[in-house]
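Residue-level listing of the chains:
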Amino acid sequence: MGRADGTGRLFPLSFKGSLRFMKMESKIVGTLLEISINNLLRNEPATIHAMEELPIDIFIPLFTSALGNRQKNVLKALVRCWPYHCLHVGTLNIPESSYDILEAMVDGLQFVPAQNSSSGGSKLRILDLRHDPDCEIICSYRAKHSFCFLSCVYSQHSMLKAKDGEHNVMCLGMDSSESTPLPALKTMELLMDLNFNYTLVETQFLSFLKNKIEQSSGSLHLCCRSLQIDDIDVYKNSLQIMDLVCIDRLELQKAHLRDINMLLSQLSHLESLTLIDVECRSCKGKIFKTFLSCLGNLNNLEELNLSFFCLTDQLKKILSVLRPQLDILSLTVCDLSNKDLSILSQSTQSSHLKLLNLSNNQIFWEGSEPFQTLLERVSGTIQYLEINNCQITDSSLTAILPALSSCSHLRVFSFACNSITMSALVSVVRHLTGLKELRYVIYPVPLDCYEQGDVNGNLDQEKVASLHNQLKLLLELAHREDMRWTSLP
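Residues numbered from 1 in each chain as written. Predicted model: local features only at pLDDT ≥ 70, side-chain atom pairs only at ≥ 80, totals over all residues. Heavy atoms only, no water.

**Q** How do you make sense of the overall build of the chain when you look at a structure like this?
**A** Along the chain, the regular secondary structure elements total 17 helices and 15 strands. Taking all 489 residues of the chain together, the buried fraction comes to 45%. Within the chain, contacts between residues separated by at least 24 positions form 75% of all contacts whose residues are at least 6 apart in sequence. (Helix = DSSP H or I, 4+ residues; strand = E, 2+ residues; numbered from the N terminus. Buried < 20%, exposed > 50% of the residue type's maximum accessible area, 1.4 Å probe, protein only. Contact = heavy atoms within 4.5 Å.)

**Q** Please explain helix α15 (residues 394-404) as it appears in this structure.
**A** Three- or four-residue spacings in an α-helix give side chains the same orientation, since the helix completes a turn every 3.6 residues. Listing the buried residues of α15 in full gives Ser 396, Leu 397, Ile 400, Leu 401, Ala 403 and Leu 404. Viewed along the axis of α15, the buried residues span an arc of 165°, placing them on a single side of the element. Those residues of α15 that are exposed and aimed more than 90 degrees away from the buried face are Ser 395 and Thr 398. Next to the buried residues of α15 lie α14 (369-378), β12 (384-386), β13 (412-414) and α16 (422-432). (Arc of directions from axis to C-beta.)

**Q** Could you clarify how one ought to interpret the state of the cysteines in this entry?
**A** Where two cysteines share a covalent bond between their sulfur atoms, that bond is called a disulfide. This structure, assessed with the given rule, holds zero disulfides. Not engaged in a disulfide, the cysteine Cys 86 finds its nearest cysteine sulfur in Cys 139; these two sulfurs lie 4.0 Å apart. With no disulfide of its own, Cys 223 lies 3.8 Å from the sulfur of Cys 246, the closest cysteine sulfur. (Disulfide = S-S within 2.5 Å.)

**Q** Looking at this model, I keep getting lost on the nonpolar core. Mind explaining?
**A** The tendency in soluble globular proteins is for nonpolar side chains to be buried as a group. By size, the foremost hydrophobic cluster in this structure holds 139 residues, and its most contacted members are Met 105, Leu 358, Phe 371 and Phe 415. Excluding its chain neighbours within four sequence positions, the residues that come into contact with Phe 371 are Leu 341, Leu 358, Ile 363, Phe 364, Leu 385, Ile 387 and Ile 400. Ile 126, Cys 148, Met 159 and Cys 246 belong to the second-largest nonpolar core, a separate cluster that totals nine residues. (Core = buried A, V, L, I, M, F, W, Y, C linked by side-chain atoms within 4.5 Å.)

**Q** Quick question: what am I supposed to make of the side chain of Asp 132 here?
**A** Note that Asp 132 resides in the loop between β4 (126-131) and α6 (159-171). Arg 130 provides the closest opposite charge to the buried, unpaired Asp 132, separated from it by 4.7 Å. The contact partners of Asp 132, leaving out residues within four places of it in the chain, are Gly 90, Thr 91 and Leu 150. (Lys, Arg positive; Asp, Glu negative; His and termini not counted. Salt bridge = Lys/Arg side-chain N within 4 Å of Asp/Glu carboxyl O.)

**Q** Any chance you could explain the side chain of Arg 125 here in plain terms?
**A** Relative to the assigned elements, Arg 125 resides in the loop between α5 (99-107) and β4. On the accessibility criterion, Arg 125 (15% relative accessible area) is buried. Not counting the four nearest positions on each side in its chain, Arg 125 is found in contact with His 85, Met 159, Lys 186, Thr 187, Met 188 and Glu 189.

**Q** Could you clarify how one ought to interpret the environment of Leu 331 in this entry?
**A** Here Leu 331 lies in strand β10 (residues 328-332). Given the relative accessible area of 0%, Leu 331 is considered buried. The spacing of Leu 331 and Asn 360 is 29 residues in sequence and 8.8 Å in space, taken between C-alpha atoms. Aside from chain neighbours lying at most four places away, what touches Leu 331 is Leu 306, Leu 311, Leu 315, Leu 336, Asn 357, Leu 358, Ser 359 and Asn 361.

**Q** Got a minute to help me understand the confidence of the model for the chain in this structure?
**A** In regions of low pLDDT, the predicted coordinates are not meant to be interpreted in detail. Mean pLDDT over the chain works out to 85, with 85% of the residues at or above the 70 mark. Within the model, the stretch residues 165-182 combines pLDDT values under 50 with two contacts to residues more than four positions away or in other chains. (pLDDT = per-residue confidence, 0-100.)

**Q** How do you make sense of the pairing of strand β14 (residues 440-444) when you look at a structure like this?
**A** Each regular strand carries side chains that alternate between the two faces of the sheet. By the bridge criterion, three bridges tie β13 to β14 in an arrangement that is parallel. Looking across to β14, one finds that Ser 414 is bridged to Ile 442. What joins β13 to β14 is α16, and the crossover it makes is right-handed. Pairing of β14 with strand β15 (residues 484-488) involves five bridges; the strand directions are parallel. Along β15, the bridge assignment pairs Val 441 with Trp 485. (Pairing = 2+ DSSP bridges. Right-handed = clockwise from strand over helix to strand, strands pointing away.)

**Q** Teacher, can you tell me more about the environment of Glu 279 here?
**A** By secondary structure assignment, the location of Glu 279 is in the loop between β8 (272-276) and α11 (286-296). With relative accessibility at 45%, the residue Glu 279 sits in the partly exposed group. Along the chain, Glu 279 and Asp 259 lie 20 residues apart, while their C-alpha atoms are 9.9 Å from each other. Here Glu 279 is in contact with Ala 255, His 256 and Leu 257, once residues within four sequence places are set aside.

**Q** Just checking my understanding: could you explain the environment of Gln 325 for this structure?
**A** Secondary-structure assignment places Gln 325 in the loop between α12 (315-321) and β10. C-alpha of Gln 325 to C-alpha of Glu 302: the two residues are 23 residues apart in sequence and 7.0 Å apart in space.

**Q** Which parts of the structure should I look at to understand the pattern of salt bridges?
**A** Per the stated rule, a full pass over the model turns up 11 salt bridges. The partner of Arg 130 in a salt bridge is Asp 128, and the shortest N-O contact between them spans 2.8 Å. Across the pair, Asp 128 and Arg 130 agree in class, each one buried. Through salt bridges with shared partners, a single network forms among Arg 70, Lys 72 and Asp 100.

**Q** Looking at this model, I keep getting lost on the packing of aromatic side chains. Mind explaining?
**A** When we look at a pair of aromatic rings, we describe it by the centre distance and by the angle of the planes. Within this structure, the stated rule accounts for 11 aromatic pairs. A connected cluster of aromatic rings, assembled from ring pairs, spans Phe 59, Phe 63, Trp 82 and Tyr 84. (Phe/Tyr/Trp six-rings, centres within 6.5 Å; stacked < 30°, edge-to-face > 60°.)

**Q** Mind showing me how you'd approach helix α17 (residues 461-477) here?
**A** Given a rise of 1.5 Å per residue, 17 residues ought to cover 24 Å, and the 24 Å separating the end C-alpha atoms of α17 matches this to within 8%. Check the buried side of α17 and you find it contacts α16, β14 and β15. Its side-chain oxygen at 3.1 Å from the backbone nitrogen of Glu 462, Asp 460 defines the N-terminal cap of α17. Phi turns positive one or two residues past the end of α17, at His 479, with a value near 55°. (Expected span 1.5 Å × (residues − 1). Polar contact = N/O pair within 3.5 Å; in protein donor to acceptor, adjacent residues only side chain to side chain.)

**Q** What's the story with unusual backbone geometry in this structure? I'm lost.
**A** Leaving glycine out, the prevailing phi sign among residues is negative, and the prevailing peptide bond configuration is trans. Here Asp 277, not a glycine, exhibits a phi torsion of approximately 60°, which is positive. Tracing the backbone shows Asp 277 in the loop between β8 and α11. According to the relative accessible area criterion, Asp 277 is partly exposed, its value standing at 38%. Phi at Val 333 takes a positive value of approximately 50°, unusual for a residue other than glycine. Note on placement: Val 333 falls in the loop between β10 and α13 (338-346). Residue classification places Val 333 among the partly exposed positions, given a relative accessible area of 24%.

Take a look at the structure:
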């Protein structure tokens, strides 16, 4: 006999009782595990001493807690005895400046002869210290075969290439001991995103990495996927510790174009390139031609960001060598002309772009027609559009609104730091509320809200409050309370 639940179905009382017991049992197990982890972390010396005797299922929650508590000694011991093929920081939080935590984990890597790697000790082959919201702590959990989807596939020093070499030796019937007098160390990979800036702790960490790689006798491959360098002249020697072919995201600041060319010639798999404040005397010389050639060889490039890079009437040369399926193009403070806009609107890239940033260029100084044509070309794909500080006025804004309102996939639109009036802003609201995917708009404070209508004067807070109320009412009338409008001067 049973009784009906809310849906009218009958369930045996014993079944419902079993469900409650299972939930209670799961809660008890979770509580006991949490207590065990806390006890282990409170007694660091005993835990480290008994690390190899701990149950395999406790390693992941222990690692998560030790990382949250910044217990460096425990983290080092966990890496040294890690029972899985890979270890990823993934979604776990490591503050950007916490090089001591990163150093502790890297220091836990043990380089042992390959033939001894399967007998006890750490099975770790890949240590991934990058923040990745889509990555779990291990890839091969409960899997029969050791495999990591994030292992390096490009470098000749990667683990996969090393395994291929071992396989070829075996196929040829050769004994590895014949060619290697000492036992070969098992290959390991260290995945990191690196930022070369001027801080002392960062410089010390790079020195530590260099020593660790030298200590490995070539068995540790530093696989840097994302590299940021503030001044390449300062860090040229630091580049020697990595294989540049692994990099898929590169950001350079304050670099001469010839040094950029030197790097790009080795970055055949680059997906994202950001260049800020580039030193280039002429866009007609040999160095610039070499730069164009390097760009043309980046067959995987999906994102190009140029800033403080004078491209007046030269954009055609850049676009002619870029792959057609470019997703992101940012050209801020590049002195673009109307001719450059016309070239961009006619390019093959314009019909594929998802993000376009043309901020801090006086592209509306000579009129709005080139940009209006560009909007029509990108309307089918554009999702993020920024035209901040581009000399936009009421008349130019009115001219581009029909094309802008046809960008059906637009999600974010920013046109701050432009001189417009309240009536023009209201017109923008009425045109854009029909874009169902648009959620965020960043707009300039209208001239009407300044005392005496001068942006160099003080804001009239009563007028600003009235503006916000009027925008709120317009969004409510359009049933677009899901849109967020934010003002910047």
